[in-house]
Amino acid sequence: MEEQAALKRIEELRDLINHHNRRYYQLDDPEISDSGYDGLMRELIELEAQFQPPIAQFQPPVDVNIYPIASDTASPTQTVGAAPLEKFNTLPHLSPMLSLANAFSEEEILAFDERIRRLLGTQGDVSYVVEPKLDGIGVNLVYEKGIFRSGSTRGDGAVGEDITQNLKTIRAIPLKMSSAGAPPIPDLIEIRGEVYIGTDAFRELNRQRVADGDNPFANPRNAAAGSLRQLDSRVTAKRPLAIFCYAMGFVDPDPSGFQTHWELLQALAGWGFPVNTHIRRAENIGECIAYYREMTDRREELPYEIDGTVIKVDSTNIRDRLGAVSRSPRWAIACKFAATQATTTIEDIIIQVGRTGVLTPVAQMKPVRVAGVMVSRATLHNQDEIDKKNIHIGDTVIVQRAGDVIPEIVKTVGPSAKSGERPFRIPDTCPVCGSRIVRLEGEAAHRCINLDCPAQIRENIKHFVSRGGMDIEGLGEKLIAQMLDSGIVRDPADLYGLPVETLAGLERMGTKSAGNILASLERTKTPPLDKFIFALGIRHTGEHVSKILARRFGTLDAIMNAGEEELLAVKEVGPEIAGSITTFFREPSNLRTIERLREAGVNPVEGSAVSGSLSGKSFVLTGTLEGFSRNSAKEIIESLGGMVSSSVTKKTDYVVAGVSPGSKLEKAGQLGIPVLDEEAFLEITGHSVEPEKGNQGRLL
Ligand code: IVH
């Protein structure tokens, strides 16, 4: 980038980030996602490094009178937040509250360690302490002769908001430090920690708010921030705020000259401050990375939200030698979990035609990284969703990856260029075959009703060969499109009996690949019955229902001949599923395809209907079972004729609850469904458990 353009962009970014800082830190009402913000900050840091003389660095301010953060330039890279809100008094910190530099990948964590070793001039391992990074509100607590005197938010790092009265309402914060078994209490000390609301308490708080007609909080962090910023501390007192302490600011006199951070943490605990129990010592950076990976996996198990881990050099002496750059210490780094939300723009909206003719609008977005994966497409579901979210091509949107797979658009942000215009409209004709599009009464979806629509045929074949269905290797989307375009295949039955030379004649297809595909088709001619049923693509009949049907009826003929009433007698089958199954098997073209498949030698493996002690019973599993894995529990239930579902409904027979059960347990309570603990579950299944090492057991 040219210097002139870069300087302009730097100014722009500073203004923008200052604006977002205010939205986030002062108003608790962010306009962009965290990763959108991080992206702006990174861009600014990089540009400043390239186009500006390096920012004046300072040595760690152990001196009470130095507030270097507020000095220097007005760049947001030099500060850690925005000025405090006017409604609270301000309170200067005795020593600055620094922020942490971020690492977003394992490479960046390694680079952090390398930099430290380079600065120290050592080849050897550096010892660290690793901590969960709580997603809460950082606070500073001042104790004079062991008595809690005042407390504040971080503010701009030098001056915070005086929230003493509110902090006093948090029971976890000692009003008087304890002296038993800990180092002597200093005359004056600042303790730093994170105020947060646990996930269960958060859910309950929101439940109450909704019941009282108030708006629920968007997340625990907002709830904690909103609660701390109450002018009336009686309101704060009713909020389930908690705290973990993790650092010390100013101290006089230094009681022990702590040699390590670890010793400080022990002292904090000894003085009566809550210290996170997941904090550990790490001998080297490899162990820090292992911890980061472990926490990434265990994040959901924790009863509070964390957004990463923090690595801190353990030795106080080394910390002093490393010092800080103005925004953050060189001896610590926040290892952020990949963001699950990001901001981007919609470049186009395309219409996909599905297997059943349903039109799905899909947003094509400017590629953005979400939870470690580049995302450029997200479904917009249907016209109602588009209208509800007021979506246009060109809008700026927040995308998130729900759970871990499908990206979705949460909402539009900022003023849309077209906000006055009508939201995007699904067209009246099919973009593939040009047929008329209809919207059936009571349905959200628009459909192309031409059964010969090439898009529908293609999707049907894709579904047929997919892993959950016939699981035919090598038959990908492109090849299917080629087969259809060249006219050698019109429905799934055509796949069988294709001469090798016809297949090999397709573009980019040699005799060898053609042979492999035919071999794969041959190999999969005797699929399990449930996979075959699923492969047929009957509406509302997914893998779960297919399994139930196969288990219940045993043979394909039995399923094909089952009347609506017989189907309805199966617990998981409601009128909608029963209707679509009978309709499917009444349709002559479907019967012909099945007949042709059979003639080609495709014969599902049939059995007899399973019956067992749990026959027809439906189970939902929640929480962690200590004796065995979720999969083994599922296998046991299925082997006895029962079924496992993922959500609790009126049709659920039992909920099996392990350790830390989720909201499913609550739901069971509401619906009056019997809950089995692990022991009761073992009893009704007639199994016993022999525990292995730790809490992992094996079923006998
Ligand atoms: S240490 C100079 N440890 O994250 C280091 N901070 O992004 C001071 N945070 O301002 C902070 N968990 O509000 C530290 N275990 C932890 C933390 C933690 C959460 C917050 C804190 C800090 C922010 C930096």
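Summary of the structure given here. Being a predicted model, the structure only gives us computed values, none of them experimental. (Residues numbered from 1 in each chain as written. Predicted model: local features only at pLDDT ≥ 70, side-chain atom pairs only at ≥ 80, totals over all residues. Heavy atoms only, no water.)

1. Focus on the overall build of the protein chain
Note the following rule: Secondary structure elements follow DSSP: runs of H or I no shorter than four residues count as helices, runs of E no shorter than two count as strands, and numbering proceeds from the N terminus. Three labels apply to residues, based on accessible area from a 1.4 Å probe with only protein chains included: buried if under 20% of the type maximum, exposed if over 50%, partly exposed otherwise in between. In this analysis, two residues are considered to be in contact whenever any of their non-hydrogen atoms come within 4.5 Å of each other. Note on areas: these come from Shrake-Rupley sampling with a 1.4 Å probe, and a residue is covered only by the protein chains present in the view.
Along its length, the protein chain carries 24 helices and 26 strands. Counting only residues that meet the buried cut, the protein chain has 47% of its 700 residues in that class. At a minimum sequence separation of 6, the contacts of the protein chain that also span at least 24 residues come to 68%. For the protein chain, the accessible area works out to roughly 34,400 Å², and carbon and sulfur atoms hold 49% of it.

2. Examining the site of the ligand
Formally: When we say a residue is near a molecule or strand, we mean one of its heavy atoms is within 4 Å of it. Definition of a polar contact: a pair of N or O atoms within 3.5 Å, with one able to donate and the other able to accept a hydrogen when the atoms are protein atoms, and with sequence-neighbouring residues admitted only if both atoms are side-chain atoms.
The immediate surroundings of the ligand are formed by 14 residues, with E131, R154, E194, Y246 and K312 found nearest. The separation between a nitrogen atom of the ligand and a polar main-chain atom of P132 is 3.2 Å. The separation between a nitrogen atom of the ligand and a polar side-chain atom of K312 is 3.0 Å. When the free accessible area of the ligand is taken as 520 Å², the share hidden by the protein chains comes to 88%.

3. Structural notes on the sheet that holds strand β10 (residues 306-313)
Pairing between the strands of a sheet is mediated by backbone hydrogen bonds and can be parallel or antiparallel. The criterion, for reference: Note on pairing: DSSP must find at least two bridges between two strands before they are called paired. Axis angles are defined between N-to-C directions and span 0 to 180 degrees, where every axis is a line fitted to C-alpha atoms and, for a helix, only to the segment in contact.
Read from one edge to the other, the open sheet built from 5 strands follows the order β2-β13-β10-β3-β9, with strand pairing classed as mixed. Only two strands of the sheet have a single neighbouring strand rather than two, namely β2 (102-103) and β9 (280-282). Pairing of strand β3 (residues 128-134) with β9, which is carried by 3 bridges, proceeds in the antiparallel orientation. Residue pairing across strands places V129 opposite R281, the latter belonging to β9. Packing of helix α8 (residues 261-270) onto the sheet brings it into contact with β3, β9 and β10, and relative to β3 it is tilted by some 50 degrees.

4. Focus on the pairing of β10
Burial of β10 is extensive: 8 of the 8 residues sit out of reach of the surface. Two elements, β3 and β10, share 7 bridges in a ladder whose sense is antiparallel. The residue of β10 that forms the bridge with K133 is G308. Across 5 bridges, β10 lies against strand β13 (residues 332-336) in antiparallel orientation. Directly across from K312, in β13, lies its bridge partner A332.

5. As for the pattern of salt bridges
Convention followed: Note on definitions: salt bridges are taken to be side-chain nitrogens of Lys or Arg within 4 Å of carboxyl oxygens of Asp or Glu.
All told, the structure shown has 33 salt bridges when counted by the stated rule. The partner of E190 in a salt bridge is R192, with the nearest N and O atoms 3.1 Å apart. Residue classification places E190 among the buried positions, given a relative accessible area of 0%. The shortest N-O distance in the salt bridge between R298 and E294 comes to 2.7 Å. Remark: E294 and R298 occur in helix α9 (residues 285-298); sequence separation between them is 4 residues, near one turn of the helix. Classification of R298 by relative accessible area gives partly exposed; the value is 24%. Connected via shared salt-bridge partners are K8, R9, E12 and E43.

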